[in-house]
Amino acid sequence: MRLHVGLRCDGGAELGVGHVIRCLALGEELLARGHRVTLLGDVGGVDWVEAQFRERGIEQRDAPADPDELAALADRLGLDAVVLDGYLLDPGCGSRLRAGGVTVLAVSDGPFGADQEADVVLDQNLGAAVDPGRAATSLAGLDYVLFRDQVLRRRRDPASPTPEGDPPRVLTVFGGTDPYAAGPVVVPLLLATGLALHVVCVAARPEIAERLRALETGPGQTVEVVAPVEDLAALAVTCDLAVTAAGSSVWEFLCLGVPAGLVCVTDNQAVGYDAVAARGVAGPVGLLSALRDDPGARAAAVEELRRLVEDPTVRRELTERGQRLVDGRGRRRVADALEHHSHPRPPSTMRSA
């Protein structure tokens, strides 16, 4: 059975690229199984993301916002299934696609994006609970996290720990575009620990890079500013600690075996941030809104960052807990569920070449 699956998601400088990247991970699994994959959406001219889709031979099509027009496009393309991943998608997309005979997989994060009718629903967050009445199949929790090939092949072997850096190398990255400019807020807090460290800052935009390069460093501290890289996992595993937004990248670091400190950058990350902190699998650095101008929140963040940088035992414990929770096989399970509910659609007279 060979399916044609559409990935309906958008990304860009303001939206970020988390939805697009996790859809790409599922797309890689589907391609490996012999299925055809088409991206339906816009990635906002983020070059390194566009390159990843091109390199995998995934065609990109602009997608209409209207559910009826989206269903018509699905029919013209001969899509057998569509993955819906986006908080701004019209909530009627799922029901309209299903009415046209298209299998729908809807991805949500707690209440965000949970308004789509679907055959399969997925919430890949820690502690997630999907309403079983929403769909025939509900997939919830870290057993279903979607990872790209580059993450899976870089996963550290827990039996062969990486030597500690001297001084510790700390990676800071806040999504593919850092839409809320978290880097210039958080990196100074790392430097405020006063510890010797080498900070590798992924600067998503030129104005962020300029602000990071202008930061004053203390004794034994260096700041290296780099542009977004296609293989972030390869960079991450050279570091002792990652400080990142509490989005889907968290699960990548847990899978890789790189301990992380988390910043809750936006409201839709709050549930995941709280769950991860409660389980003790990452260090809670704080809410970005408070870190900008609340002296108490900033002082608490400096202490948490000092603990994470200074104590290798803490980092090893976070690594062990994280890798126990995330086994890296999530996309296989999701693809299995999608295949179970999908079947090639009969030819339609509406379809064009």
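Remember, predicted model here, so these are calculated numbers, not experimental data.

Draft legend 1. Quick look at the pattern of salt bridges. Counting across every chain of the model gives 25 salt bridges. Note that Arg345 is salt-bridged to Asp75, the shortest N-O span being 2.8 Å. With a gap of 270 residues between them, Arg345 in the segment after helix 14 (330-341) and Asp75 in helix 3 (residues 67-77) connect regions that are remote in the sequence. Here Arg345 and Asp75 have matching classes, each one buried. Via salt bridges that share partners, Glu28, Glu29, Arg33, Glu55, Arg56, Asp149, Arg331, Asp336 and Glu339 belong to a single interconnected network.

Draft legend 2. Looking closely at the packing of helix 1 (residues 18-32) against helix 14. For the pair helix 1 and helix 14, the least separation of the axes is 9 Å and the interaxial angle reads 65°. Overall, the two elements helix 1 and helix 14 adopt an arrangement that is roughly perpendicular. Seen along the crossing, helix 1 lies across helix 14 with a hand that is right-handed. Contacts between helix 1 and helix 14 pair Ala25, Leu26, Glu28, Glu29 and Leu30 from the former with Arg331, Arg332, Val334, Ala335 and Leu338 from the latter.

Draft legend 3. How the structure looks around helix 9 (residues 249-256). With 8 of its 8 residues buried, helix 9 lies for the most part within the structure. Where helix 9 is concerned, the buried positions are Ser249, Val250, Trp251, Glu252, Phe253, Leu254, Cys255 and Leu256. Residue Gly257 follows helix 9 closely and has a positive phi angle near 90°.

Draft legend 4. Quick look at the environment of Cys9. Along the chain, Cys9 turns up in the loop between strand 1 (4-8) and helix 1. Owing to a relative accessible area of 0%, Cys9 belongs among the buried residues under this scheme. A C-alpha to C-alpha distance of 6.5 Å links Cys9 and Leu84, two positions 75 residues apart in sequence. Leave out the neighbours within four places in its chain, and Cys9 touches His19, Val20, Cys23, Leu39, Leu40, Gly41, Asp42 and Asp85.

Draft legend 5. Quick look at helix 2 (residues 47-55). All buried positions along helix 2 are accounted for by Trp48, Val49, Ala51, Gln52 and Phe53. Elements that come into contact with the buried residues of helix 2 comprise strand 1, helix 1, strand 2 (36-40) and helix 5 (149-152). Backbone geometry just after helix 2 places Gly57 at a positive phi near 75°.

Draft legend 6. Structural detail: the sheet that holds strand 3 (residues 59-61). Spatially, 7 strands are ordered 3-2-1-4-5-6-7 in an open sheet, and the strand pairing comes out parallel. Each of the sheet's edge strands pairs with one partner strand only, and the pair in question is strand 3 and strand 7 (137-140). Strand-to-strand twist of the sheet, defined as the mean angle between neighbouring strand axes without regard to direction, takes the value 20°. Of the strand pairs in this sheet, strand 2 and strand 3 are connected by 3 bridges, and their pairing is parallel. Its bridge partner being in strand 3, Leu40 is matched across the sheet by Arg61.

Draft legend 7. Examining the sheet that holds strand 9 (residues 197-202) more closely. An order of 10-9-8-11-12-13 is seen for the 6 strands of this open sheet, with the pairing classed as parallel. If you trace the sheet from one side to the other, it starts and ends with strand 10 (221-226) and strand 13 (283-287), each paired once. On average, adjacent strands in this sheet sit at an angle of 20° to one another, irrespective of strand direction. The pairing of strand 12 (residues 260-264) with strand 13 spans 4 bridges and is classified as parallel. Within strand 13, the position partnered with Cys264 by the bridge is Leu287.

Draft legend 8. Representation of the pairing of strand 12. Buried residues dominate strand 12, accounting for 5 of its 5 residues. Of the two faces of strand 12, the one holding Ala260, Leu262 and Cys264 and the one holding Gly261 and Val263 are both buried throughout. Summarising the sheet, strand 11 (residues 241-245) and strand 12 pair through 4 bridges and their orientation is parallel. The residue of strand 12 that forms the bridge with Thr244 is Leu262.

Conventions used here
- Residues numbered from 1 in each chain as written.
- Predicted model: local features only at pLDDT ≥ 70, side-chain atom pairs only at ≥ 80, totals over all residues.
- Heavy atoms only, no water.
- Salt bridge = Lys/Arg side-chain N within 4 Å of Asp/Glu carboxyl O.
- Helix = DSSP H or I, 4+ residues; strand = E, 2+ residues; numbered from the N terminus.
- Buried < 20%, exposed > 50% of the residue type's maximum accessible area, 1.4 Å probe, protein only.
- Axes fitted to C-alpha atoms, helices over the stretch in contact; angles between N-to-C directions.
- Parallel < 35°, antiparallel > 145°, perpendicular 65-115°, else oblique.
- Left-handed = near helix turned anticlockwise from the far one by under 90°.
- Contact = heavy atoms within 4.5 Å.
- Pairing = 2+ DSSP bridges.

The values reported here are purely geometric and, on their own, carry no functional implication.
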